[in-house]
Amino acid sequence: MAGPVKRSVMVAGHATSISLEPIFWDALAAAASEDGLPITALVARIAAERIAVPPPANLASAVRVWLFSRTRPR
């Protein structure tokens, strides 16, 4: 199990960094590809969704939960 990897992304015109384990970076890249989006656009979408639910989770947590939710049957 590899530790978190920090990467910089642009969200709403602002640079921010996210620390995620490599498995989550891989899953995020796959989800972005499936949705036809760059990773930064998908992260921006997740960031916007997390703000809609008070209190907003930190961005890394929101990404992990979003990825997990995507794999769950509805």
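Residues numbered from 1 in each chain as written. Predicted model: local features only at pLDDT ≥ 70, side-chain atom pairs only at ≥ 80, totals over all residues. Heavy atoms only, no water.

## So, helix α2 (residues 39–51)
Piece 1. Taking 1.5 Å of rise per residue, 13 residues should cover 18 Å, and α2 covers 19 Å from first to last C-alpha, within 8% of that figure.
Piece 2. Along α2, the residues classified as buried are Leu42, Val43, Ile46 and Ala47. End-on view of α2: buried residues confined to an arc of 140 degrees, all on one side of the axis.
Piece 3. In this fold, the buried residues of α2 make contact with β1 (5–11), β2 (14–20), α1 (22–35) and α3 (59–71). (Helix = DSSP H or I, 4+ residues; strand = E, 2+ residues; numbered from the N terminus. Expected span 1.5 Å × (residues − 1). Buried < 20%, exposed > 50% of the residue type's maximum accessible area, 1.4 Å probe, protein only. Arc of directions from axis to C-beta. Contact = heavy atoms within 4.5 Å.)

## Some points on the pairing of β2
Piece 1. As defined by bridge partners, β1 adjoins β2 across 7 bridges and the pair is classed as antiparallel. Bridge pairing in β2 places Val11 opposite His14.
Piece 2. Taking the residues that link successive antiparallel strands as the turn, the β1-β2 hairpin has 2 residues, and the phi of Ala12 there is positive, at about 55 degrees. (Pairing = 2+ DSSP bridges.)

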